[in-house]
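# Summary of the model geometry
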Amino acid sequence: MSNEDYLKDISEIKDLMNKSSRFISLSGLSGILAGIYALIGAAIAYWLVISYSYGTLYIFHGWVFWTCMSVLLMVAFLSAVTGIILTTRKAKKNEEKIWDNSSKRLLFNFLVPLVVGGIYCLIILSQGRYGQTGGLMLIFYGLALVSASKYSLGDIKYLGYIEIILGLIASYYPGYGFWLWVVGFGIMHIVYGTWMHFKYDRK
């Protein structure tokens, strides 16, 4: 058997091991759409706050606050639904199971830091400490991506690192938290999704 045959066999074994231990049908297009949803949601929230403010006194309470929270939840909902639909479609195309041990581990490791971070952000918001929430969302989301990357495409950990760094910067400069949130959840999702789409989806 030639060296090329050995390398081919090793490559096939590696692919089988990856498929059995990792869920690799994540869709890059879902990342692009999630970024677009985030940018649209951020634009709506910004317009609301600016429209009902007085000069440099920004109004972020009452119905404006709850409307912004509703927009945020809608962005999260649309992103999740889009991700499920496109990932399911890709899994079927690749003849992979959408719900097996690897996808269960992926979901568990992603949701634990995300849910804990969501609860903590709600606590911070209830205390009126709005400036810290943008940074906290980025940090916990980044931790969720890094945690989940062990059971999916390893590339998502790089997006996680970027989100964590942006979150730490936002925590140090809370006045820029909103714009860093836009960069992290909007622009970086589009950049990452585009990269993943051309690297994996178009094969």
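Just above, that's the structure.
So, a few notes on the structure that sits alongside this text. Just so we're clear, the structure is a prediction, and the values are computed from it rather than from any experiment. (Residues numbered from 1 in each chain as written. Predicted model: local features only at pLDDT ≥ 70, side-chain atom pairs only at ≥ 80, totals over all residues. Heavy atoms only, no water.)

### What to know about helix 5 (residues 133-148)
Residues separated by three or four positions in an α-helix point in the same direction, a consequence of the helix having 3.6 residues per turn. Counted at 1.5 Å a residue, the expected span for helix 5 with its 16 residues is 22 Å, and the 22 Å between its end C-alpha atoms agrees. With 13 of 16 residues buried, helix 5 is to be regarded as a mostly interior element. (Helix = DSSP H or I, 4+ residues; strand = E, 2+ residues; numbered from the N terminus. Expected span 1.5 Å × (residues − 1). Buried < 20%, exposed > 50% of the residue type's maximum accessible area, 1.4 Å probe, protein only.)

### Topic: the environment of Gln132
With respect to the helices and strands, the residue Gln132 is situated in the loop between helix 4 (101-126) and helix 5. Taking the relative accessible area as the measure of exposure, Gln132 reaches 29% and is therefore partly exposed. With 45 residues separating them in the primary sequence, Gln132 and Gly177 have C-alpha atoms 7.3 Å apart. Gln132 has contacts with Ile124, Ser171 and Pro174, leaving out every residue within four places of it along the chain. (Contact = heavy atoms within 4.5 Å.)

### With respect to the environment of Leu122
Structurally, the position occupied by Leu122 is in helix 4. When the C-alpha positions of Leu122 and Thr133 are compared, they lie 8.6 Å apart, and in sequence the two are 11 residues distant.

### Overview of the packing of aromatic side chains
In total, this model carries 10 aromatic pairs according to the counting rule given. Ring centres of Tyr46 and Phe178 lie 5.9 Å apart, and the angle between their planes is 20 degrees; on these two criteria the pair is classed as stacked. Within this pair, whereas Tyr46 is found in helix 2 (residues 28-51), its partner Phe178 is found in helix 7 (residues 177-201), the two being separated by 132 residues in sequence. Ring centres of Phe110 and Tyr141 lie 6.3 Å apart, and the angle between their planes is 80 degrees; on these two criteria the pair is classed as edge-to-face. Highlighted residues: Phe110 in helix 4 and Tyr141 in helix 5, separated in sequence by 31 residues. Relative accessible area serves as the criterion here: at 22%, Phe110 is assigned to the partly exposed category. In this structure Tyr141 comes out as buried when scored by relative accessible area, which is 13%. (Phe/Tyr/Trp six-rings, centres within 6.5 Å; stacked < 30°, edge-to-face > 60°.)

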